[in-house]
2 protein chains.
Amino acid sequence: MATLGAHKKHKVSIVGSGNWGTTMSKLVAENVKANPNLFDQTVRMWVYEEDVTISKDSRHYDEASELCKGTQKLSHVINTVHENIKYLPGVTLPSNVVADPDLPSSVKDSTILVFVLPHQFIPRVCDQLAGHIVPFARGICCTKGVDVSEKGIRLMSEAIGMRLNIYCGALSGANIASEIAQEKYSETTVAYDPPPMDSRSPTPKVSPSSSQVDLISPSRVNPSVRSARLQPLPSDYPPLSQENVRKLFHRPYFHVRIVDDVAGVSLGGALKNIIALAAGFVDGLGWGDNAKAAVMRVGILEMVRFGKAFFEDSVKTSTFTEESCGVADVITSCMGGRNFRCAKKATETGKSIYEIEQTELNGQKLQGTSTAYEVHTFLKSKGVEADYPLFTAVYNILEGNVKPEQIPELIEPKD
Amino acid sequence: MATLGAHKKHKVSIVGSGNWGTTMSKLVAENVKANPNLFDQTVRMWVYEEDVTISKDSRHYDEASELCKGTQKLSHVINTVHENIKYLPGVTLPSNVVADPDLPSSVKDSTILVFVLPHQFIPRVCDQLAGHIVPFARGICCTKGVDVSEKGIRLMSEAIGMRLNIYCGALSGANIASEIAQEKYSETTVAYDPPPMDSRSPTPKVSPSSSQVDLISPSRVNPSVRSARLQPLPSDYPPLSQENVRKLFHRPYFHVRIVDDVAGVSLGGALKNIIALAAGFVDGLGWGDNAKAAVMRVGILEMVRFGKAFFEDSVKTSTFTEESCGVADVITSCMGGRNFRCAKKATETGKSIYEIEQTELNGQKLQGTSTAYEVHTFLKSKGVEADYPLFTAVYNILEGNVKPEQIPELIEPKD
């Protein structure tokens, strides 16, 4: 609902156009149509440009104009046939999704930036965006994962927020993109809790130096971004409240719950991959559903402990135990995700997971293995590996130090 | 560990000898051997006597004495070949498990009674036990389920406690009996938190009328048993602390976590069957793992709400979201339990679940359907069906009022 005095509308850009990015552009475009008072009716999607070919057996071969036959630019094809034939084939996009291969142009005047980039591209793309975005824009990061090293933990949303000097929330859940693109029912969690900085809000009384432009509350984010100064949204825009952000993502087939806990939501999407490896190792032993469920439960509690230990008050237990980004994403990942399947096959065949990666994934790397190593390095640097026996067991299985059969004794609660 | 002054040992009886009861007798018998200072070395198992035949192709045909060939009494066979050939074939029981078909004899002098009976036999067996048990015995109920009607909710443990005037805890978890009997790793939750009544404890200051024999705290159990007077354990026995009770059940392959929340543990084992039906209905639509995980998550939160609403302070959220009896049992039940499988098949074939029961279960009834009806009747009597949209949707699917496809809209959070 538009607020009195708000006559502008929020423009939304999707930064990324892979499988998940294109899916997000579809559902966001549906939602801006459903909420014309809040949102501009065009959703721009930044496309990393590449050449594609519409083959003769494509359903678009005849339908598309001559311009679109043969080798074409991906952005042109998307805008012509309303389908991302390379990354989300078979799914028609709403006509208000406009693909744009020019990064600065794709975000021009946008107050909402939805980031759906592969992990490794985030720094470079953010650097290219700097200076081209609206200074009071808000971001939502849909890329799962965190950067963990001996130095510490950096959330993707935090990396974006720091580089662009904007508030950036996170979206994560039990979200297999292709299922959502087909409008099969699922849920997600959006973490969005910007500090008070809206110019129409009462001036927050947090420190003498804060005025309309508030500091991010220390309890909300890592110390490194505490000093970032954020620009308030001008009063001629509808507020970007949790309620309005929910309207951007919630669909009848995609139920959104909004929480405050950006760190918890981000950690869930990363740590669940370690749990999926553990569940796969155990399932490969043929131990059945009791054992698999036990490992998942233990893993969820190690997630909670990790969040509480390293993000102080900002992380809530319920983010992991009650939200889609926690328990539900663990469940989905342990039912049939790549990490689970490869770990299971490794145990079944007696091969290392690296051999399985070669044969099953054409040499692509599993996210769970790198996360397990990164988390182990971090925990070791803090001297607390023993507090995370399941995460540590996964690392030691990957290293060949222990066997999957030892998981029960390794995670057995001590008397 | 025996306590100074404690020279007696706890005798343990298993009341029940089906698949799960025999499994419990095996692991309890292993644990009394491992803790000879605490427990008498014989574990008696009450067997509902019946005739069985050892067939010529049984591994026991030659091994067993002549006495055991042909048609024999089940208790005799168990004590001769150390196997429950009818209900847990193929699993050797420790020799310190002694089957006893005489109910009073099977519990004589036992201070710990482990109840593993089918739901419907509990009242009758308890009535037969009354007057034959040690008055200061403690019970642990391993039978899942609760009695729910318009009148209220009665836990199995409570029914046992009331009829025998003893404290009765509960054991529940992601526990498929056959997997545990084969010593495949699993976990369970034991709820055990007797009120202070031990004669060696300081006299509790709860009311002028209480002395060594304390009232059960109102916050712990239903109002109906608040006035039960419990007998303290004599001081010549080792205390039946949570630690010592854990020693009776915890094995390297069966990890036990002890909690206080008897009502939560009992509710988890009942309500998960409704969730398993919901997950099955949705999975039968081919909606994939996102949808299934979403339904499970929503169901866990309805469990929490149910427990909090009807058991006041005694039920903890974490019992459902963090323990084996909650989230892990939901996961196991939604991966391949009978309720899940039959509901899935019902959706896939377009048949009612009653038709599936006929063809798949030889007319046996699913526990989930009766629980769904009972819970619905109860919620309706309180006028709160709308607060439990998933439980209500399952009831309405069973009744043919709505279709599985409607679940997302029925459980959609209202703006």
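The rules we used
Residues numbered from 1 in each chain as written. Chains lettered and ligands numbered in written order. Predicted model: local features only at pLDDT ≥ 70, side-chain atom pairs only at ≥ 80, totals over all residues. Heavy atoms only, no water. Core = buried A, V, L, I, M, F, W, Y, C linked by side-chain atoms within 4.5 Å. Buried < 20%, exposed > 50% of the residue type's maximum accessible area, 1.4 Å probe, protein only. Contact = heavy atoms within 4.5 Å. Pairing = 2+ DSSP bridges. Helix = DSSP H or I, 4+ residues; strand = E, 2+ residues; numbered from the N terminus. Axes fitted to C-alpha atoms, helices over the stretch in contact; angles between N-to-C directions. Buried area = accessible area lost by both parts, 1.4 Å probe. Salt bridge = Lys/Arg side-chain N within 4 Å of Asp/Glu carboxyl O. Nonpolar A, V, L, I, M, F, W, Y, C, P; charged D, E, K, R; others polar. Left-handed = near helix turned anticlockwise from the far one by under 90°. UniProt positions renumbered as here; feature names shortened; annotations may be inferred. Least-squares fit on C-alpha atoms with pLDDT ≥ 70 in both. Arc of directions from axis to C-beta. pLDDT = per-residue confidence, 0-100. Phe/Tyr/Trp six-rings, centres within 6.5 Å; stacked < 30°, edge-to-face > 60°. Lys NZ or Arg CZ within 6 Å of the ring centre and 35° of its normal. Parallel < 35°, antiparallel > 145°, perpendicular 65-115°, else oblique.

1. Quick look at the nonpolar core
Grouped together as the largest cluster of nonpolar side chains are 265 residues, with contacts concentrated most on Phe-249 of chain A together with Phe-249 of chain B. Among all residues touching Phe-249 of chain A, those that are not within four sequence positions of it are Met-24, Leu-27, Val-28, Asn-31, Val-114, Ile-140, Leu-171, Val-190, Phe-254 and Val-256 of chain A.

2. Here we look at the sheet that holds strand β7 (residues 138–141) of chain B
Residues and elements named next belong to chain B. Judged by pairing direction, the sheet is mixed, and its 8 strands sit side by side in the order β5-β2-β1-β6-β7-β10-β11-β12 without closing on themselves. Looking at the sheet topology across the chains shown, the edges are occupied by β5 (97–100) and β12 (254–259). For this sheet, the mean inter-axis angle between neighbouring strands, taken without regard to orientation, is 25°. Helix α1 (residues 19–34) rests against β1 (10–15), β2 (39–46), β5, β6 (112–115), β10 (167–172) and β12 of the sheet, and its axis sits at about 170° to β2. Contacts from helix α2 (residues 74–81) reach β2 and β5, with the element oriented near 165° to β5.

3. Quick word on the interface of chain A and chain B
Each partner contributes residues to the interface: chain A has 45 residues there, and chain B has 45 residues. When chain A packs against chain B, the two sides together hide about 3900 Å² of surface, and 58% of this comes from carbon and sulfur. Of all residues in chain A, Tyr-185, Asn-290 and Arg-297 of chain A bury the most surface against chain B, accounting for 21% of the area lost on that side. Between Arg-297 of chain A and Glu-187 of chain B there is a salt bridge, and its shortest N-O distance comes to 2.6 Å. Counting only elements with at least two residues in the side of chain A that touches chain B, the list comes to α6 (177–181), β11 (186–191), β12 (254–259), α9 (288–310), α10 (317–322), α11 (324–336) and α16 (407–411) of chain A. Looking at the side of chain A that touches chain B residue by residue, the classes come out as 20 nonpolar, 12 polar and 13 charged.

4. Topic: the pattern of salt bridges
All names here are of chain A. What the rule picks out here adds up to 36 salt bridges over all chains. In this structure, Glu-183 and Lys-26 form a salt bridge, with 2.6 Å as the shortest nitrogen-oxygen distance. One end of the pair, Glu-183, is in the loop between α6 and β11; the other, Lys-26, is in helix α1 (residues 19–34), and 157 residues separate them in sequence. Taking relative accessible area as the criterion, Glu-183 reaches 41% and is therefore assigned partly exposed. Taking the shortest distance from any N to any O, the salt bridge between Asp-329 and Lys-144 comes out at 2.8 Å. Of this pair, Asp-329 sits in helix α11 while Lys-144 sits in the loop between β7 (138–141) and β8 (146–149); the two residues are 185 residues apart in sequence, bridging distant segments of the chain.

5. Looking at the packing of helix α8 (residues 262–283) of chain A against α11 of chain A
Axis angle and axis distance: for two packed helices, these are the angle between their axes and the distance between the axes, and together they describe the pair. Residue and element names in this part refer to chain A. Packing of α8 against α11 leaves a shortest axis separation of 9 Å and a crossing angle of 35°. Where α8 crosses over α11, the two elements pack in a sense that is right-handed. Of α11, the residues touching α8 (which contributes Val-265, Gly-268, Gly-269, Lys-272, Ile-275, Ala-276 and Ala-279) are Cys-325, Asp-329, Val-330, Ser-333 and Cys-334. Its residues placed into classes, the contact of α8 with α11 shows 7 nonpolar, 3 polar and 2 charged.

6. Quick look at the UniProt feature "active site" (unreviewed entry) in chain A
Residue and element names in this part refer to chain A. The sites that carry the UniProt feature "active site" (unreviewed entry) are, in the present numbering, Lys-272. On the secondary structure map, Lys-272 appears in helix α8. Excluding its chain neighbours within four sequence positions, the residues that come into contact with Lys-272 are Lys-144, Met-303, Asp-329, Val-330 and Ser-333.

7. What about the environment of Ile-407 of chain B?
Residue and element names in this part refer to chain B. Here Ile-407 is to be found in helix α16 (residues 407–411). With 125 residues separating them along the chain, Ile-407 and Val-282 place their C-alpha atoms 7.8 Å apart. Setting aside anything within four residues of it in sequence, one finds Ile-407 in contact with Ala-278, Phe-281, Val-282, Val-295, Leu-390, Ala-393 and Ile-397.

8. With respect to the relation of the copies chain A and chain B
With an axial shift of 0.0 Å and an RMSD of 0.0 Å, the rotation relating chain A to chain B amounts to 180°. As the rotation angle and translation indicate, the two copies are arranged about a two-fold axis. Minimal C-alpha distance to the rotation axis in chain A is attained by Thr-321 of chain A, lying at 2.8 Å. Take the interface residues of chain A: 100% of them recur as interface residues in chain B, which is what a same-surface contact looks like.

9. Remarks on helix α13 (residues 353–360) of chain B
Residues and elements named next belong to chain B. Within α13, the full set of buried residues consists of Ile-353, Ile-356 and Glu-357. For α13, the arc enclosing every buried residue in end-on projection is 105°, short of the 170-degree limit, so these residues lie on one face. At its buried positions, α13 is contacted by α8 (262–283), α12 (338–349), α14 (367–382) and α15 (389–398). Positioned one or two residues after α13, Asn-362 has a phi angle of 55°, which is positive.

10. Notes on the sheet that holds β12 of chain A
Residue and element names in this part refer to chain A. Spatially, β5-β2-β1-β6-β7-β10-β11-β12 is the arrangement adopted by the 8 strands of the open sheet, whose pairing is mixed. Each of the sheet's edge strands pairs with one partner strand only, and the pair in question is β5 (97–100) and β12. Along the sheet, successive strands turn relative to each other by an average axial angle of 25°, direction set aside. The pairing of strand β1 (residues 10–15) with strand β2 (residues 39–46) spans 5 bridges and is classified as parallel. Bridging across to β2, Ile-14 finds its partner in Met-45.

11. Structural notes on the confidence of the model for chain A
Looking at chain A, pLDDT values average 89 and 89% of them are 70 or higher. A low-confidence stretch, residues 200–227 of chain A (pLDDT under 50), is modelled with 56 contacts involving residues beyond four sequence positions or located in other chains.

12. Side note on the packing of aromatic side chains
Per the counting criterion, the structure on display carries 20 aromatic pairs over all chains. On the numbers, 6.0 Å between centres and 75° between planes, the contact of Phe-306 of chain A with Tyr-388 of chain A is edge-to-face. Here the residue Phe-306 of chain A occupies a position in helix α9, and Tyr-388 of chain A occupies one in the loop between α14 (367–382) and α15 (389–398), the gap between them amounting to 82 residues. According to the relative accessible area criterion, Phe-306 of chain A is buried, its value standing at 1%. Assessed through its relative accessible area of 2%, Tyr-388 of chain A is described here as buried. Here the aromatic rings of Phe-310 of chain B and Phe-378 of chain B are separated by 4.7 Å at their centres, their planes lie at 75°, and the arrangement is edge-to-face. One end of the pair, Phe-310 of chain B, is in helix α9 (residues 288–310); the other, Phe-378 of chain B, is in helix α14, with 68 residues separating them in the sequence. Among the aromatic residues, ring-to-ring pairing joins Phe-306, Phe-310, Phe-378, Tyr-388 and Phe-391 of chain A into one connected group. Lying across the ring of Tyr-388 of chain A, Arg-305 of chain A places its NZ or CZ 6.0 Å from the centre.

13. Overview of the packing of α8 of chain B against α14 of chain B
Residues and elements named next belong to chain B. Packing of α8 against α14 brings their axes to within 8 Å, and their N-to-C directions diverge by 105°. Considering the angle they form, α8 stands roughly perpendicular to α14. Contact residues: Ala-270, Leu-271, Asn-273, Ile-274 and Leu-277 in α8; Gln-367, Gly-368, Thr-369, Thr-371, Ala-372 and Val-375 in α14. In terms of residue class, the contact of α8 with α14 is built from 6 nonpolar, 5 polar and no charged.

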